[in-house]
Amino acid sequence: VQNTSVWLHIGLTDRDIRIQVTREAYNFLKENHPAAKETSEKAVVAPFSGTILTLTENGTEVAKKTEYNNVGHGINSLPFEDENVLNWLFKQKLK
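The structure presented is a predicted model; accordingly, all values stated were derived computationally and were not measured. Each residue is numbered by its place in its chain's sequence as written, counting from 1. Reporting in this predicted model follows two pLDDT cut-offs: at least 70 for local features of residues, and 80 or more for side-chain atom pairs to be given and counted; totals over whole chains, interfaces and linings ignore these cut-offs and use all residues. Only heavy atoms go into the side-chain values, all of them from the structure, while hydrogens and water stay out.

Trainee: Could you clarify how one ought to interpret the packing of aromatic side chains in this entry?
Mentor: To describe a pair of aromatic rings, you give the distance between the ring centres and the angle between the ring planes. A pair of aromatic rings is counted whenever rings of Phe, Tyr or Trp (Trp by its six-membered ring) have centres within 6.5 Å, and the orientation is called stacked for planes under 30 degrees apart, edge-to-face for over 60 and tilted otherwise. Overall, the coordinates contain 1 aromatic pair when judged by the stated rule. Note on tryptophan 7 and tryptophan 88: the rings are 5.4 Å apart at their centroids and 85 degrees apart in plane angle, and the pair reads as edge-to-face. Of this pair, tryptophan 7 sits in strand β1 (residues 6-11) while tryptophan 88 sits in helix α3 (residues 83-91), placing them 81 residues apart in sequence. Tryptophan 88 carries the same exposure label as tryptophan 7, and that label is buried. A ring is scored as having a charge over it whenever the NZ atom of a lysine or the CZ atom of an arginine sits within 6 Å of its centre and within 35 degrees of its normal. Here lysine 64 stacks its cationic end above the ring of tryptophan 7, 4.8 Å away from the centre of that ring. Numbering of helices and strands runs from the N terminus; a helix is a DSSP stretch of H or I covering at least four residues, while a strand is a stretch of E covering at least two. When accessible area is computed with a 1.4 Å probe and restricted to protein chains, residues below 20% of their type maximum are described as buried, those above 50% as exposed, and intermediate ones as partly exposed.

Trainee: Help me understand the side chain of lysine 64 in this model?
Mentor: Inspection of the secondary structure puts lysine 64 in strand β4 (residues 60-68). The exposure class assigned to lysine 64 is buried, which follows from its relative accessible area of 7%. The contact definition used throughout considers only heavy atoms, calling two residues in contact when any of these lie within 4.5 Å. Setting aside its immediate chain neighbours within four residues, lysine 64 contacts Val6, Trp7, Leu8, Tyr26, Glu41, Ile52, Leu53, Thr54 and Trp88.

Trainee: Can you help me understand the sheet that holds strand β2 (residues 37-45) in this one?
Mentor: Across a sheet, strands are paired by hydrogen bonds formed along the backbone, either parallel or antiparallel in direction. Sheet architecture is open: 4 strands sit in the order β1-β4-β3-β2, paired in mixed fashion. Bordering the open sheet on either side are β1 and β2, each of which pairs with just one other strand. Between one strand axis and the next, the sheet turns by 20 degrees as a mean value, whatever way the strands run. Pairing between strands is defined by DSSP: at least two bridges between the two strands are required. As paired strands, β1 and β4 are joined by 6 bridges and run parallel to one another. Looking across to β4, one finds that isoleucine 10 is bridged to glutamate 67. Every axis corresponds to a line fitted to the C-alpha atoms, with the helix fit spanning only the stretch in contact, and the corresponding angles, defined between N-to-C directions, vary from 0 to 180 degrees. Strands in contact with helix α1 (residues 16-31) are β1, β2, β3 (48-57) and β4; relative to β1, the strand with the most contacts, it is inclined by about 155 degrees.

Trainee: I would appreciate a short explanation of α1 in the present structure.
Mentor: Quick reminder: α-helices carry 3.6 residues per turn. Residues three or four places apart thus point the same way. Helix span, expected: 1.5 Å multiplied by one less than the number of residues in the helix. The end-to-end C-alpha distance of α1 is 22 Å, a good match for the 22 Å that 16 residues give at a rise of 1.5 Å each. Taken together, the buried positions of α1 are occupied by Ile19, Thr22 and Tyr26. Considered in projection along α1, the buried side chains sweep an arc of 70 degrees and stay on one side of the axis. What points out from α1, more than 90 degrees from its buried face, is the exposed set Asp16, Phe28 and Glu31. Taking the helix axis as origin, the arc is that swept by the directions to the C-beta atoms.

Now the structure itself:
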């Protein structure tokens, strides 16, 4: 599992504790990969937008986190409406 990438998704109008736990999980991965570089890009899954943070270490994605603006806990379908998530998912391999 330590070599498997993870992509976290959270709606920023969800309950504060869920947002906090998602951010803590991402920060835990970031702290445990001190050589990883973080990049940021805009996420758009109409009609929602947000931010994607990606940690990359030695050319391998360690973790990704998408925070969607103006959406709460009901994001369960949003990640699967984003073709980038499905492309990412099918690229994953156990190492």
